[in-house]
Amino acid sequence: PFSAYRRSSLSLPGLDSLAARGRAALGPKGPGVVWLHGFPTDPEAARLAYLALGCRLGAPLENYGRLYDIQDLGISHLDEPIPVSQTKHTTTFHTDSARRETLPGYVGLLCLQDAVGGDSQLASASVVHEEMHKEAPHLLARLYRDYVRDIVTPGTERTDAALHANRFPVFHASAGRDELTLRYMRYWIEKGAERAELELTEEDVEAMDMLDELFADKALHAQLHLNPGDVIFFDNRDLAHNRTPYEDLPGEHRHLVRMWLADDRAA
């Protein structure tokens, strides 16, 4: 069973070699992203190969299950407390997990079926941070303050006490890491403030407006389209990601499979 699979479950020297290259690319001296092509076309074989590789890159987090299907549910995150990934809307630039205790080191995406649109965009938080530091350091300073986040990640009750405890900054320095860590999803910050009856200041809004504008700058982000059999893994602490809106192909529904991984090298 996929739930029982461990790194040691199968001896796969070729995959071990590929994982070593991937870990180097995801490490502090790499670009923070790995883009792979040619995974099996059979969905179950693709899932197994994807999981086997993921377990060699980090430790799977199971808040949504080891492998989490990303498909449009036909409802809106504006009406229900569901992840934006389960809609056809753009996600806006963000990092995964709005739960304070859960921080995926890496996010993986396996494409089983693509669509018209639905491109992935990646932007370096470190680069954007440096731009804000040069242009508006007073706004950057606002993003080092704690913000309440609405609770959507499984594992936390949606009580008032849990909501008020679910607060952390957009930018902070992680223990044991030299790099900055970004934790950002503007929509859940705004919903968290609304539910907690806290008002975001004009400077808070201005700071997030500037952050969003920098992420959206085509000179500061990369854009790629995942085709069936493609996989990407990226650093969820330094790379903000976005998905453009999409429409399904006739008779086909866009289907990606997400994996959250802890960076076990930091343990």
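For the structure itself, consult the block above.
S.K.: How do you make sense of empty space enclosed by the protein when you look at a structure like this?
M.R.: Once rolled over the atoms, a probe with the size of a water molecule shows which space is left empty. Applying the stated criterion across every chain, the model contains two cavities of 30 Å³ or more. The wall of the largest cavity is formed by 29 residues, among which Ser 85, His 94, Asp 96, His 241 and Arg 258 lie closest to the centre. Those elements that provide at least two residues to the lining of the largest cavity are strand S4 (106–113), strand S12 (231–235), strand S13 (239–243) and strand S15 (255–262). Roughly 40 Å³ of volume is contained in the second largest cavity.

S.K.: It is not clear to me how the packing of aromatic side chains should be interpreted in this structure. Could you clarify?
M.R.: The relative placement of two aromatic rings is captured by the distance of their centres and the angle of their planes. This structure, assessed with the given rule, holds six aromatic pairs. Members of the aromatic cluster, joined through ring pairs, are Tyr 64, Tyr 68 and Trp 260. The ring centre of Phe 168 lies 4.2 Å from the NZ or CZ of Arg 183, which sits over that ring. Above the face of the Tyr 246 ring, Arg 254 is positioned so that its terminal group lies 4.9 Å from the ring centre.

S.K.: Honestly, the side chain of Asn 166 in this entry has me stumped. Any pointers?
M.R.: Considering the arrangement of structural elements, one finds Asn 166 in the loop between helix H5 (160–165) and strand S8 (167–169). The buried category is assigned to Asn 166, whose relative accessible area is 3%. A distance of 2.8 Å separates a polar atom in the side chain of Asn 166 from the backbone oxygen of Ala 98. Once residues within four sequence positions are removed from consideration, Asn 166 is found in contact with Ala 98, Arg 99, Arg 100, Tyr 147, Val 148, Arg 149, Asp 150 and Ile 151.

What counts and what doesn't
- Residues numbered from 1 in each chain as written.
- Predicted model: local features only at pLDDT ≥ 70, side-chain atom pairs only at ≥ 80, totals over all residues.
- Heavy atoms only, no water.
- 1 Å grid on protein atoms, 1.4 Å probe; cavity = no way out; pocket = protein on both sides within 12 Å on 5 of 7 lines; lining within 4 Å.
- Points joined across faces, edges and corners; volume = space filled by probe spheres on them.
- Helix = DSSP H or I, 4+ residues; strand = E, 2+ residues; numbered from the N terminus.
- Phe/Tyr/Trp six-rings, centres within 6.5 Å; stacked < 30°, edge-to-face > 60°.
- Lys NZ or Arg CZ within 6 Å of the ring centre and 35° of its normal.
- Buried < 20%, exposed > 50% of the residue type's maximum accessible area, 1.4 Å probe, protein only.
- Polar contact = N/O pair within 3.5 Å; in protein donor to acceptor, adjacent residues only side chain to side chain.
- Contact = heavy atoms within 4.5 Å.

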